[in-house]
Amino acid sequence: MPVEFIGMIGTRDASELYGPTVSITGGSIDLNYVRKFAKVHEDGGFDRVLIGYSSTGPDGFNVVSYVAATTERLKFLLAHRPGFVSPTLAARKLATLDHFSHGRVAVHIITGGSDAEQQRDGDWLEHDTRYRRTDEYLDVVRRVWTSQEPFDYEGEFYQLKGAFSEVKPLQQPHIPIYFGGASGAAVGVGAKHSNVYAFWGEPIAAIKQRIAEVKAAAPPGKDLRFSVSLRPILGETEAKAWEKANYILSRINEINTQPAARPEAVGSLRLLDFAQEKEIHDKRLWTPIAAATGARGNTTALVGTPEQVAESLFDYYQAGVTTLLIRGFDPVEDAIAYGRDVIPLVRQEVQRLERQTATVA
């Protein structure tokens, strides 16, 4: 299966290196920067870019609409948190965006792992209840996308009568659904609804185990793909890559004057557990930045030369991962380097493996 590369864009120049609250999913809007950031990914051979979500950040629907108008090939992964927009309206908004972007939209469902994040938008449901709501939400969204007749729906969270949309997605049978969540409550919902189940950057053995768990929870015969998110740190030599990695860590420790708060999200807690076990897993999966930041999101790194990092990314592919989300600590320059020096190497290895497999068959 072909490998898919996803980057991540924000609306301002942002990184953990600029401060503990300078998130790529928040802040002000710099239109020139957004255009440049998107173009770098398109020119670099990325398939998609993730537009993240936070309870204080810009609206992702509008960001995708703007970036779609400034690019030609690049696709988009729009992070969306169920519960704040009616599922019928969300389905119509996404279908509309799919047409105006010429079929370049996918949606990334993030139910939410922080009570504080949820409560800023007025959501007081507890963790597992939120996932039950997400299950209903996606039931409705998918039916709105595919139903040729009005339908009624009677659930715990949503009650609808005559629900219908005249606008259907350009992509058929529906817009691709990506899903993130590491808790037990998440697995069943994500396995049921998603096309791609996303993990943060855990060791390969753990990723294999999680893939098996999600597959076991999926409906019989369902074709599921899997994603891993990582932060490559590159150097011309391995020594220079480690110099860069240690500088990044020292800079983060310098500006994070307060100890990182313990996260609520299960995925973050898993990363902290791996960081506590040891600093380096597998060949070069480096965990100290996760420990230093409280594992706020995608915070485990692959450290090495472009060839070494490409090798490690290919190891994840061989473990069953076909989507690789990679972003750097110097967002624009790192994206340029990934597109120039890493992505072509991984694609070459995937193509070599496909040819080898076809020859054996």
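Before reading on, note that the structure itself is shown above.
Residues numbered from 1 in each chain as written. Predicted model: local features only at pLDDT ≥ 70, side-chain atom pairs only at ≥ 80, totals over all residues. Heavy atoms only, no water.

J.: Sorry, what's going on with the overall build of the protein chain here?
T.: In terms of helices and strands, the protein chain carries 12 helices and 13 strands. In terms of C-alpha radius of gyration, the protein chain reaches 20 Å, essentially the compact-globule figure of 21 Å for 361 residues. Oriented by its inertia axes, the alpha-carbon framework of the protein chain measures out at about 65 × 55 × 40 Å. The 361 residues of the protein chain split such that 56% are buried. Of the accessible surface of the protein chain, which amounts to about 15700 Å², a share of 51% is contributed by carbon and sulfur atoms. Positive and negative side-chain charges in the protein chain, numbering 40 and 45 respectively, have mean positions lying 2 Å apart. (Helix = DSSP H or I, 4+ residues; strand = E, 2+ residues; numbered from the N terminus. Rg over C-alpha atoms; globule rule 2.2 N^0.38 Å. Buried < 20%, exposed > 50% of the residue type's maximum accessible area, 1.4 Å probe, protein only. Areas by Shrake-Rupley, 256 points an atom, 1.4 Å probe, with all protein chains shown as cover. Lys, Arg positive; Asp, Glu negative; His and termini not counted. Charge placed at Lys NZ, Arg CZ, Asp CG, Glu CD.)

J.: Can you walk me through a negative patch on the surface in this structure?
T.: A surface patch of like charges, here negative, comprises Asp13, Asp30, Asp330 and Glu333. If you trace the backbone, aspartate 13 turns up in the loop between strand E1 (4-9) and helix H1 (31-43). With a relative accessible area of 42%, aspartate 13 lands in the partly exposed category. (Patch = residues over 30% accessible without salt bridge, like charges linked within 9 Å, V, L, I, M, F, W, Y side chains within 5 Å. Salt bridge = Lys/Arg side-chain N within 4 Å of Asp/Glu carboxyl O.)

J.: Even after reading the chapter, I still don't get the packing of helix H2 (residues 60-70) against helix H3 (residues 87-100), so can you show me in this structure?
T.: When two helices pack together, their arrangement is captured by the angle between the axes and the distance separating the axes. Contact geometry for H2 and H3: axes closest at 10 Å, N-to-C directions at 10°. Here H2 lies roughly parallel to H3, going by the angle between them. Contacts from Phe61, Val64 and Ser65 in H2 reach Lys93, Leu94 and Leu97 in H3. (Axes fitted to C-alpha atoms, helices over the stretch in contact; angles between N-to-C directions. Parallel < 35°, antiparallel > 145°, perpendicular 65-115°, else oblique. Contact = heavy atoms within 4.5 Å.)

J.: It is not clear to me how the pattern of salt bridges should be interpreted in this structure. Could you clarify?
T.: Oppositely charged side chains may form a pair once their charged atoms are brought near each other. Following the criterion strictly, the structure yields 22 salt bridges and no others. Between glutamate 117 and arginine 81 there is a salt bridge, and its shortest N-O distance comes to 2.9 Å. Within this pair, whereas glutamate 117 is found in helix H4 (residues 115-120), its partner arginine 81 is found in the loop between strand E3 (75-80) and H3, the two being separated by 36 residues in sequence. On the basis of relative accessibility, which here comes to 16%, the residue glutamate 117 falls in the buried class. Lysine 244 serves as the salt-bridge partner of aspartate 334, at 3.5 Å between the closest nitrogen and oxygen. Of this pair, aspartate 334 sits in helix H12 (residues 331-360) while lysine 244 is found in helix H8 (residues 238-255), placing the two residues 90 residues apart along the sequence. Taking relative accessible area as the criterion, aspartate 334 reaches 8% and is therefore assigned buried. Judged by relative accessible area, lysine 244 falls into the partly exposed class, the value being 32%.

J.: What is the right way to look at H12 in this model?
T.: Because an α-helix packs 3.6 residues into every turn, residues spaced three or four apart end up facing the same way. For H12, built from 30 residues, the straight-helix expectation of 44 Å at 1.5 Å per residue is met to within 8% by its first-to-last C-alpha distance of 41 Å. A maximum bend of about 40° is found in H12 at tyrosine 338. Along H12, the positions that sit buried rather than exposed are Pro331, Val332, Asp334, Ala335, Ala337, Tyr338, Gly339, Val342, Ile343, Val346, Val350 and Leu353. Looking at the buried side of H12, the elements it contacts are E1, H1, strand E9 (225-234), H8, helix H11 (306-318) and strand E13 (323-326). (Expected span 1.5 Å × (residues − 1). Bend = angle between axes of the 7 residues up to and from the residue.)

J.: Is there a simple way to think about the side chain of aspartate 98 in this case?
T.: With respect to the helices and strands, the residue aspartate 98 is situated in helix H3. Non-local contacts of aspartate 98, meaning those with residues more than four positions away in its chain, are made with Gly103, Arg104, Val105, Pro169, Leu170, Gln171 and Ile175.

J.: What exactly am I supposed to notice about the side chain of asparagine 298 here?
T.: On the secondary structure map, asparagine 298 appears in the loop between helix H10 (288-293) and strand E12 (301-304). You can call asparagine 298 buried: its relative accessible area is 6%. A polar contact is formed between the side chain of asparagine 298 and the backbone nitrogen of leucine 230, at a distance of 3.5 Å. Look past the residues within four positions of asparagine 298 in its chain and what remains in contact with it is Trp200, Ser229, Leu230, Arg231, Leu325 and Arg327. (Polar contact = N/O pair within 3.5 Å; in protein donor to acceptor, adjacent residues only side chain to side chain.)

J.: Would you explain the environment of proline 2 in this entry?
T.: Following the sequence through the fold, proline 2 ends up in the segment before E1. Each C-alpha atom of the pair proline 2 and proline 306 lies 20 Å from the other, and the pair is 304 residues apart in sequence. When neighbours within four sequence positions are excluded, proline 2 is seen to be in contact with Tyr317, Thr322 and Glu354.

J.: I would appreciate a short explanation of H3 in the present structure.
T.: Given a rise of 1.5 Å per residue, 14 residues ought to cover 20 Å, and the 20 Å separating the end C-alpha atoms of H3 matches this to within 8%. Where H3 is concerned, the buried positions are Pro87, Thr88, Ala90, Ala91, Leu94, Ala95, Leu97 and Asp98. Buried residues along H3 sit in contact with H2, E3, strand E4 (105-110), helix H5 (127-146) and strand E6 (159-163). Phi for histidine 102, located one or two positions after H3, is positive at around 60°.

J.: Looking at this structure, I do not really get unusual backbone geometry. What am I missing?
T.: Residues other than glycine predominantly adopt negative phi, and peptide bonds predominantly adopt the trans conformation. In this model, glutamine 172 is joined to proline 173 through a cis peptide bond whose omega is 5°. A positive phi is found at histidine 102, a non-glycine position, where the angle reads about 60°. In this structure, histidine 102 sits in the loop between H3 and E4. One non-glycine residue with positive phi stands out, namely alanine 295, at about 50°. Summarising the element assignment, alanine 295 is placed in the loop between H10 and E12.

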